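Observations on the three-dimensional arrangement
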Amino acid sequence: MESKETIKEFYLRYAPNENIDVAAVSGIGHFNVFSRESCSLVSPYSRRDYYKISLIIGKGKLHYADKWIHVDRPALLFSNPMVPYSWEADDEDQKGWFCLFTDQFLQNGTRLGNLMDSQLFKIGGTPVFFVDEDQQAIISGLFTKMMTEIQTEYMHKYDMLRACLHLMIHETMKMQPAESFEPYQNASHRVVSLFMELLERQFPIDSPEAFLKLKTPNDYAQNLSIHVNSLNRAVKEMTGKTTSQQIASRIIQEANALLKHTDWNISEIAYGLGFEEPAYFTNFFKKQTGLTPNEARTIVV
């Protein structure tokens, strides 16, 4: 898969003729905000090494991880460095705004937890939130404020920008169903949540050399500091599937993404996914899907 796009690479792609200072907020992270009207209608499928919030006003398809969603009305997109994504506009009428920032910028001087643990940027979650007219007006106002503020010479403008960013995140969190914030009901729920989070953190695979490190239920149990029997029991109880089935399902998802979005040969995909021999991967893939990897690649491309 493509390597992470850095902030510097983003600026070279987005505004190649402008001399934008990537380290403009040196020491406290990086932040910038833009209008979407000057964006490319198609963005490359890759991970970024920065966070991004976009208010999308315009229709298109968002591809992320191994999924895609049709955006047919105003929506907020929250992207993080762990999940690859791309955007394909359905038409040229694209409006809205986006801001990009580092974890360091948002957390500077605050007691907030790591962004990767937040509901909006959570790995394995849905990164798109459709907004109604009132919500769109609130978010648009915050983006407009940030667009104006970043052009000023006010010595504390980045504090104001950070406050706007925090407010935007809180406004979005209010949009989510209340059950998204319910506490864990029991120990099994907590164990399974930690397991699924750890499972998602193993992906995406960026190169055959960056191979999958956790492969078996016992690997995950050791990393979670619990007995494998306890993990197996909790996963089966909460999901109806075994731990091995959950792991296999996620590996198949990643395999399909690699088959679709890379030109790696089958051996490279096999090694990247932790298989010692390509034949083992082919047998595993066919058992899970009924197709060989080559057959699946022909279908998805």
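The rules behind each value
Residues numbered from 1 in each chain as written. Predicted model: local features only at pLDDT ≥ 70, side-chain atom pairs only at ≥ 80, totals over all residues. Heavy atoms only, no water. 1 Å grid on protein atoms, 1.4 Å probe; cavity = no way out; pocket = protein on both sides within 12 Å on 5 of 7 lines; lining within 4 Å. Points joined across faces, edges and corners; volume = space filled by probe spheres on them. Axes fitted to C-alpha atoms, helices over the stretch in contact; angles between N-to-C directions. Helix = DSSP H or I, 4+ residues; strand = E, 2+ residues; numbered from the N terminus. Parallel < 35°, antiparallel > 145°, perpendicular 65-115°, else oblique. Contact = heavy atoms within 4.5 Å. Nonpolar A, V, L, I, M, F, W, Y, C, P; charged D, E, K, R; others polar. Pairing = 2+ DSSP bridges. pLDDT = per-residue confidence, 0-100. Salt bridge = Lys/Arg side-chain N within 4 Å of Asp/Glu carboxyl O. Disulfide = S-S within 2.5 Å. Phe/Tyr/Trp six-rings, centres within 6.5 Å; stacked < 30°, edge-to-face > 60°. Polar contact = N/O pair within 3.5 Å; in protein donor to acceptor, adjacent residues only side chain to side chain.

For the rest of this paragraph, the subject is empty space enclosed by the protein. All chains considered together, the criterion is met by one cavity of 30 Å³ or more. Each pocket or cavity is described by its volume, and for the largest cavity that value is around 40 Å³.

It is the contact of helix 5 (residues 187-200) with helix 7 (residues 228-239), at a shortest axis distance of 9 Å, that shows an interaxial angle of 100 degrees. In terms of orientation, helix 5 lies roughly perpendicular with respect to helix 7. Contact with helix 5, carried on its side by Ser188, His189, Val191, Val192 and Phe195, involves Leu231, Ala234, Val235, Glu237, Met238 and Thr239 of helix 7 and no other residues of that element. Split into classes, the residues belonging to the contact of helix 5 with helix 7 amount to seven nonpolar, three polar and one charged.

In this section: the sheet that holds strand 8 (residues 128-130). By definition, the strands of a sheet pair up through backbone hydrogen bonds, in either a parallel or an antiparallel sense. The antiparallel open sheet is built from five strands, whose spatial order is 1-7-2-5-8. In this open sheet, the two strands that pair with only one neighbour each are strand 1 (31-35) and strand 8. Ignoring strand direction, the axes of neighbouring strands in this sheet form an average angle of 10 degrees. Across the sheet, helix 3 (residues 133-149) touches strand 1, strand 2 (51-57), strand 5 (75-79), strand 7 (95-101) and strand 8, and the angle it forms with strand 7 is around 60 degrees.

When pLDDT drops low, the exact placement of atoms in the prediction is not to be read closely. Averaged over the protein, the pLDDT score is 84; the fraction of residues at 70 or greater is 86%. Low pLDDT, under 50, characterises residues 177-184; the predicted model gives this stretch seven contacts beyond four residues in sequence or across chains.

Counted as a void, the second largest pocket has a volume near 270 Å³. Cys39, Ser40, Ser43, Lys52 and Trp87 are, among the 17 residues lining the second largest pocket, the residues nearest its centre. When residues of the lining of the second largest pocket are traced back to their parent elements, those giving at least two are helix 1 (7-14), strand 2 and strand 6 (85-89). Taken together, the residues of the lining of the second largest pocket break down into nine nonpolar, four polar and four charged.

To continue, consider the pattern of salt bridges. Within this structure, the stated rule accounts for 10 salt bridges. Arginine 48 is paired through a salt bridge with glutamate 5; the nearest N and O atoms lie 3.8 Å apart. You can see arginine 48 sitting in the loop between strand 1 and strand 2 and its partner glutamate 5 sitting in the segment before helix 1, a full 43 residues away along the chain.

Here, the word disulfide means a covalent bond between the sulfur atoms of two cysteines. Scanning the model with the defined rule gives zero disulfides in all. The thiol sulfur of cysteine 99 is not disulfide-bonded, and the nearest other cysteine sulfur, from cysteine 164, lies at 9.9 Å.

Each aromatic ring pair is characterised by the separation of its centres together with the angle its planes make. All chains considered together, the criterion is met by 18 aromatic pairs. Seen from their ring centres, phenylalanine 31 and phenylalanine 105 are 5.1 Å apart, and the 25 degrees between their planes marks the pair as stacked. Separated by 74 residues along the polypeptide, phenylalanine 31 in strand 1 and phenylalanine 105 in helix 2 (residues 103-107) bring together distant segments of the chain. Counting every residue linked through ring pairs, the aromatic cluster contains Phe10, Tyr11, Tyr14, Phe34, Tyr50 and Phe98.

Relative to the helices and strands, aspartate 132 resides in the loop between strand 8 and helix 3. Within the structure, the side chain of aspartate 132 is placed 3.2 Å from the backbone nitrogen of aspartate 134, a separation counted as a polar contact. One polar contact links the side chain of aspartate 132 to the main-chain amide nitrogen of glutamine 135, over a distance of 2.8 Å.

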